[in-house]
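Spelled out, the chains give:
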Amino acid sequence: MISFTSFPSEPGLVQIHETTRHHPSVLDDMDVDDAGNDLSDKRLTYPGETLTSSHAFMRGHGTYIENEEVIASVAGIVERVNKLVTVRPLRTRLFVRYNPEIGDLVVGRITEVQPRRWKVDANGRQDAVLMLSSVNLPGGVQRRKLESDELQMRNFFEEGDLLVAEVQAFFSDGAMSLHTRSLRYGKLRNGQLVSIPPILVRRLKSHFVSLPCGVDLILGLNGYIWVSKHVKQNEQEGEEGFDAAAVYSNQNDEIDASTRNAIGRVSNIIRVLASRCVPLTDIILLEAYDWTMEQDGGVNDLLQDDVSSALVAAIQGRG
Amino acid sequence: MGSRVEVLNDHGYRSDGRRQFELRDIGIDLSQQNFADGSAIISHGLTQVLVSVLGPREAKSRSQTIHDRANINVELNVAAFSTGERRRRSKNDKRILEMAAAIRSTFEPVIQTNLFPRSQIDIYVQVLQQDGGVLQTCINGTTLALINAGIPLNDFACAITCGAHSTSPLLDLSLLEENDLPHMTIAMLPKTGRVTLVTMETRLHVDRFEELLGLALEAGNVLHEEMKLAIDKRSRTLVAAMKITWPGVGEDLVEKDFDH
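Residues numbered from 1 in each chain as written. Chains lettered and ligands numbered in written order. Predicted model: local features only at pLDDT ≥ 70, side-chain atom pairs only at ≥ 80, totals over all residues. Heavy atoms only, no water.

A. Focus on the overall build of chain B. Looking only at helices and strands, chain B features 5 helices and 9 strands. Listed N to C, the secondary structure of chain B is β-β-β-β-α-β-α-β-β-α-β-β-α-α in terms of helices and strands. Taken over C-alpha atoms, the radius of gyration comes to 20 Å for chain B, in line with the 18 Å a tight globule of 260 residues would show. Within chain B, buried positions represent 51% of all 260 residues. Long-range contacts, defined here as pairs at least 24 residues apart, represent 68% of the contacts in chain B between residues at least 6 apart. Counting only carbon and sulfur atoms, one obtains 50% of the accessible surface of chain B, whose full area is about 12,500 Å². Of the charged side chains in chain B, 28 are positive and 34 negative, and the gap between their average positions amounts to 6 Å. (Helix = DSSP H or I, 4+ residues; strand = E, 2+ residues; numbered from the N terminus. Rg over C-alpha atoms; globule rule 2.2 N^0.38 Å. Buried < 20%, exposed > 50% of the residue type's maximum accessible area, 1.4 Å probe, protein only. Contact = heavy atoms within 4.5 Å. Areas by Shrake-Rupley, 256 points an atom, 1.4 Å probe, with all protein chains shown as cover. Lys, Arg positive; Asp, Glu negative; His and termini not counted. Charge placed at Lys NZ, Arg CZ, Asp CG, Glu CD.)

What follows is the structure, given as structure tokens:
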């Protein structure tokens, strides 16, 4: 087991910075006096600061090598694992962009239809790619995709459609390739999309969650969350009563008022939790839902500051 | 012509009471602006600029994607109320486009664009107040916003305006001085002392150039210290906030990164 330790900060130096300013030449002298170039006294860094020599250490993320020196390229916390030096950037929004890994479940939106592929916005650095060859044909027929399939790609997915997929592979430039070759993946309907910082979505055994209030959730690891009406197991597309057209249907089912209410409530809970940086799991969501039902407030009341504070306090109290 | 303002009087003071090499007051605000991934408001004296950085993200058009690195897109907008000049400058005004291009070329060697192939980094610059040294303020603000957004940079880019009043050099010119004196704007990388931008709109005597350049580099180092302090303060606030609202966030992140 590897253990991770951060470097201890040096309180004395900080106070000097807080109170007085010096001419650069004077500052240089001070650094020499404090023998500050040893890696072990640095904790917070900024771009362009020399961390250590590249002979003794390896460069990790957030650093680069020039003139045999490891230099920080982002502002953040210096971390060291044995010989590897990394800098973890500090940002107001924690890791806004999603860093994909193979096998991740993501929710995305089609942005473009191209020859034999769709471009999907999945909150990453670049749009993801969904190849025509990695989707299921309606009816679940297994065969090579023909030219006729290519011509009717818009019948499967159109610009603006939402879908759930899995990360299959990466291209050489780092773009991710998705696939929907499972009965659980495919086009989304009967619900609402909520977007939160990707870091708040924890890895779970299953990212398909069914809440007892008649709401289904898909927790995309890219921070896109799909909240929708519950579909009974045996009515799921692709199961017994398989309906070929329904897989790529654009038509919502009939959703009654109480389900709409529940969907709205769950969406608002997710927004509130995300705004307070509470990581999302099915258990926390369930507790939060029960709490809001006990409070007997409307769906909109949740977004008020005092109610949301009380909700977060209640969750953290129980957890 | 009426009364004239002395740019530099016999006692060595400038029209706003500064000495020759004195810089104007610097104000830096790095707090989060609405939709930006990183943003900064910076003021040099009365010149104030808001910079927002978005990305790296998918490029808007195919023509803008570069297969091996990120494209840097700079959009500059000058608020109509920011200037005393009663003339509306549109977004496509030649001067504004040129200034945006200057900012872009300043940051091309600074941002590590090769880490983000086929994506785009958008830099939106909004000039809020103008009192000389607009380009310098835009560049310094962009550096801070990029750092705030967590985009990897080789170094800070510190910019400063300098001019010559007959034989005496002046630093960080105000609008009044800028109108009267030959001047230039310089952007430098403090770590290596390299210069990424030198731009002049007026004629400057070649004998003055060397002295001005040396002074500008020194002033760049001073600005670097100020910007470092602001970044350091911001980092400390963020670390403190993370510890309170979300205990144990650090350990968790590290584990996540190394699992695979």
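B. Structural view of the packing of helix 1 (residues 94-107) of chain B against helix 2 (residues 134-148) of chain B. All names here are of chain B. At a minimum axis distance of 10 Å, the contact between helix 1 and helix 2 shows a crossing angle of 45 degrees. As summarised for this structure, helix 1 and helix 2 are arranged oblique, according to the angle between their axes. Here helix 1 and helix 2 pass one another in a crossing that is right-handed. Of the residues in helix 2, those touching helix 1 at Met 99, Ala 102, Ile 103, Thr 106 and Phe 107 are Val 134, Leu 135, Cys 138, Ile 139, Thr 142, Thr 143 and Leu 146. For the contact of helix 1 with helix 2, the residue count by class is 9 nonpolar, 3 polar and no charged. (Axes fitted to C-alpha atoms, helices over the stretch in contact; angles between N-to-C directions. Parallel < 35°, antiparallel > 145°, perpendicular 65-115°, else oblique. Left-handed = near helix turned anticlockwise from the far one by under 90°. Nonpolar A, V, L, I, M, F, W, Y, C, P; charged D, E, K, R; others polar.)

C. Spatial organisation of the UniProt feature "domain: Exoribonuclease phosphorolytic" (unreviewed entry) in chain B. On the UniProt side, "domain: Exoribonuclease phosphorolytic" (unreviewed entry) is annotated at positions that read residues 22-152 and 155-219 of chain B here. Secondary structure content for residues 155-219 of chain B is 31% helix and 40% strand, and the end C-alpha separation is 16 Å. (UniProt positions renumbered as here; feature names shortened; annotations may be inferred.)

D. Region of interest: the nonpolar core. Counting residues in hydrophobic clusters, the biggest one holds 60 residues, and the most contacted among them are Ile123(B), Val125(B), Ile139(B) and Leu146(B). Those residues within four positions of Ile123(B) in sequence are excluded, and the remaining contacts are Val51(B), Ser52(B), Val53(B), Ile72(B), Asn73(B), Val74(B), Glu75(B), Thr142(B) and Leu146(B). Residues Val113(A), Val135(A), Leu137(A) and Tyr248(A) belong to the second largest nonpolar core, which totals 54 residues. (Core = buried A, V, L, I, M, F, W, Y, C linked by side-chain atoms within 4.5 Å.)

E. Layout of a nonpolar patch on the surface. There is a patch of nonpolar side chains on the surface, built from Val195(B), Val198(B) and Met200(B) and spanning about 210 Å² of accessible area. Tracing the sequence through the fold places Val198(B) in strand 9 (residues 194-200). (Patch = residues over 30% accessible without salt bridge, like charges linked within 9 Å, V, L, I, M, F, W, Y side chains within 5 Å. Salt bridge = Lys/Arg side-chain N within 4 Å of Asp/Glu carboxyl O.)

F. Structural context of the sheet that holds strand 6 (residues 69-72) of chain A. Residue and element names in this part refer to chain A. Pairing within the open sheet is antiparallel, and its 3 strands lie in the order 3-6-5. Two strands lie at the open edges of the sheet, namely strand 3 (50-53) and strand 5 (63-66), each paired on one side alone. Across this sheet, the average inter-strand angle for adjacent strands is 30 degrees, counted without regard to direction. In the sheet, strand 3 pairs with strand 6 via 3 bridges, with the strands oriented antiparallel. The residue of strand 6 that forms the bridge with Thr 52 is Val 70. (Pairing = 2+ DSSP bridges.)

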